[in-house]
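Letter by letter, the chains look like this.
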Amino acid sequence: MNKNLLIYVVEDNKLFNKIVVDYLQKQGFRRIKFFYNGQDCLNAVKSGEHPDIVIQDYHLEDSTGIAVLQAVKKRSKCSEFIFLTANEDMEVAVNSIKYGAFDYIIKDNDLALKKVYNKIEKISKMLELEKRNQLIQRMMVVILIVLVTITILMVLHGVFDLFGLKR
């Protein structure tokens, strides 16, 4: 797993924010930024950062998780969101996924952070596959260009031979 992902933790409960950040650091993640409100998270994205993963609460002092998700996705389309919240409302969970969250995890017990880790692992694998796919696509374009160039050169060579033209 890529431990160099840029991970944002957006949680207004300072104690729980620290628990999440400490847990991720203990798991070996090196690039973690934490925010106590949605606006600070948005300001970081507006300044040009593109987090790979945003772990956030649904209810924030200044916003909702969906509002933060939508605003971040406008500037950083590839950012993945994991909601980590005490909100057990099924409609909120469904809407979060509908608006682009990768998953919605309830802060119900000690397993919540392990679930977050498992989701990060899945996102990391997904991002690696996307990078490989992009590399393969670029290689295919190069191969296609080479094949077209060879074909054109062969046709030109044939035309020169047909008309007895010297090169």
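Refer to the structure above for everything that follows.
Residues numbered from 1 in each chain as written. Predicted model: local features only at pLDDT ≥ 70, side-chain atom pairs only at ≥ 80, totals over all residues. Heavy atoms only, no water.

> I'd like to hear about the layout of surface pockets, residue by residue, with values.
In this model, the largest pocket occupies a volume close to 280 Å³. Along the walls of the largest pocket sit 15 residues, with Asp 52, Cys 78, Leu 127, Glu 130 and Lys 131 positioned nearest its centre. (1 Å grid on protein atoms, 1.4 Å probe; cavity = no way out; pocket = protein on both sides within 12 Å on 5 of 7 lines; lining within 4 Å. Points joined across faces, edges and corners; volume = space filled by probe spheres on them.)

> Can you explain the pattern of salt bridges? Please cite residues and give values.
Enumeration over the complete set of coordinates arrives at 6 salt bridges. We note a salt bridge from Lys 107 to Asp 57, for which the minimum N-O separation is 3.6 Å. Of this pair, Lys 107 sits in the loop between β5 (103-106) and α5 (111-162) while Asp 57 is found in the loop between β3 (53-56) and α3 (65-75), placing the two residues 50 residues apart along the sequence. Here Glu 128 makes a salt bridge to Arg 132, at a shortest N to O gap of 3.8 Å. Of the two residues, Glu 128 and Arg 132 both sit in helix α5, 4 residues apart, roughly one turn of that helix. (Salt bridge = Lys/Arg side-chain N within 4 Å of Asp/Glu carboxyl O. Helix = DSSP H or I, 4+ residues; strand = E, 2+ residues; numbered from the N terminus.)

> Residues and numbers for the pairing of strand β2 (residues 31-35), please.
Sheet topology places strand β1 (residues 6-10) next to β2; 5 bridges connect them, and they run parallel. By the bridge assignment for β2, Tyr 8 is matched with Lys 33. Taken together, β1, helix α1 (residues 14-26) and β2 constitute a β-α-β crossover, and its handedness is right-handed. (Pairing = 2+ DSSP bridges. Right-handed = clockwise from strand over helix to strand, strands pointing away.)

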